[in-house]
Structure formats: C-alpha cells, structure tokens
Amino acid sequence: MNSVVWIIYVAVVVIFIAAFWKIFVKAGEEGWKAIIPIWNTLVLLKIIGREWWWILLMLIPIVNIVIWIIVALDLAKSFGRGTGFAIGIILLAFIFLPILGFGSDTYRGPAAGALATAT
C-alpha cells in the first residue's frame, strides 16, 4: 500500500513539472526554470506580470491563499482563458495545468501588466 502512494505521488510531481515546463516554454522562458524551487515561482510571477515581491506575500498565512488565487486567475488570463479555467487551476491543478501546458493555448502576455496599464 505504501509503495502505491509513493508511485502516485511521483507521478503527480512529474505531471506538475512537465506542465510547468511547457507553460514556461510557451511564455518564452526556459523550461528548466520550472524545476528550481522559489525561482520557478519568481518566473511564474514574471509570466503573469506581477512584481517579484509577491513571493513575500506568499509567506504570510491566509494572505498566501488569496495570492495564489490571484496568480491562478492571472495565469489563466495570460493564456486567454477565463475565470472558470482559473477556478479549475485552483481546485484541480493536476488536471488543468497540463491542459494549459500541453494544449493549444498560446501565451498572450502578462495579464496583470495589461490590467495595470488599462487603469
């Protein structure tokens, strides 16, 4: 039983790494950046158009949940997807991130940057 859990765990981790690798490549970043902890979050923030210091907000309890929801919304919008897809990323990331990475979606630029310049 314990070995089955480990196999599933490793499979999910590999899926996440592959999905983020493809997402990074679609956004014009090198895919290997997806496997470096902390750096991958900084690159993700850059892709969606948020400042680097948002990673500090992710260290604050409760605030980090709100920040990750905003990041998911911005990631979906950066690839031309809507709020429904972002909710899918939030609740079922192991399904929706591979759809984003391996699907036909194209990177349309940082969503947060577009919002900031529109106001």
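This text follows the structure it describes.
Definitions and limits used
Every residue gets a number counted from 1 within its own chain, in the order that chain's sequence is written. This being a predicted model, a pLDDT of at least 70 is required before a residue's local features are given, and a value of 80 or more before pairs of side-chain atoms are given or counted; all residues contribute to the totals for chains, interfaces and linings. Working from all heavy atoms in the structure, the side-chain values ignore hydrogens and water. The helix count covers DSSP runs of H or I at least four residues long, the strand count covers runs of E at least two residues long, and both are numbered beginning at the N terminus. Each residue is assigned to one of three classes by its accessible area relative to the maximum for its type, calculated with a 1.4 Å probe on protein chains only: buried under 20%, partly exposed between the two thresholds, exposed over 50%. Throughout, a contact is declared for two residues whenever any of their heavy atoms are within 4.5 Å. In this description, a line fitted to the C-alpha atoms serves as the axis of each element, helices being fitted only across the stretch in contact, and the angle between N-to-C directions of two axes falls anywhere from 0 to 180 degrees. Throughout this description, any angle smaller than 35 degrees is read as roughly parallel, any larger than 145 degrees as roughly antiparallel, any in the 65 to 115 degree range as roughly perpendicular, and the remainder as oblique. As a working rule, the residues Ala, Val, Leu, Ile, Met, Phe, Trp, Tyr, Cys and Pro are called nonpolar, Asp, Glu, Lys and Arg charged, and the rest polar, with Gly in that last group. When a carboxyl oxygen of Asp or Glu lies within 4 Å of a side-chain nitrogen of Lys or Arg, that pair is called a salt bridge.

Attention now goes to the side chain of Thr41. In this fold, Thr41 is placed in helix H2 (residues 39–48). The class for Thr41 is buried, based on a relative accessible area of 15%. Among residues more than four places away in sequence, those in contact with Thr41 are Ile55, Met58 and Trp68.

Bringing the packing of helix H5 (residues 83–91) against helix H6 (residues 93–102) into the picture now. Between two packed helices, both the angle of their axes relative to each other and the distance between the axes serve to describe the pair. Packing of H5 against H6 leaves a shortest axis separation of 6 Å and a crossing angle of 130°. Taken together, the axes of H5 and H6 lie oblique to each other. Facing H5, whose interface residues are Phe85, Gly88, Ile89 and Leu91, H6 presents Ala93, Phe96, Leu97, Ile99 and Leu100. Of the residues contributing to the contact of H5 with H6, the split by class is 8 nonpolar, 1 polar and no charged.

Summarising the element assignment, Thr83 is placed in helix H5. A residue is classified by how much of its surface remains accessible, and Thr83, at 43% relative accessible area, is partly exposed. The spacing of Thr83 and Leu73 is 10 residues in sequence and 6.3 Å in space, taken between C-alpha atoms.

This brings us to unusual backbone geometry. In this model, Ile38 sits at a positive phi of 70°, which is unusual for a non-glycine residue. Summarising the element assignment, Ile38 is placed in the loop between helix H1 (2–26) and H2. Accessibility expressed as a relative area gives 58% for Ile38, which makes it exposed.

Glancing now at the pattern of salt bridges. On inspection of all chains with the given rule, the structure shows 5 salt bridges. Linking Glu29 and Lys46 is a salt bridge whose minimum nitrogen-to-oxygen distance equals 2.9 Å. Here Glu29 is found in the loop between H1 and H2, whereas its partner Lys46 is found in helix H2, with 17 residues between them in sequence. Across the salt bridge formed by Lys33 and Glu30, the nearest N and O atoms sit 2.9 Å from each other. Residue Glu30 is classed as partly exposed on the basis of its relative accessible area of 40%. Taken together, the shared-partner salt bridges connect Glu29, Glu30, Lys33 and Lys46 into one network.

In short, shape yes, function no, at least from these values alone.
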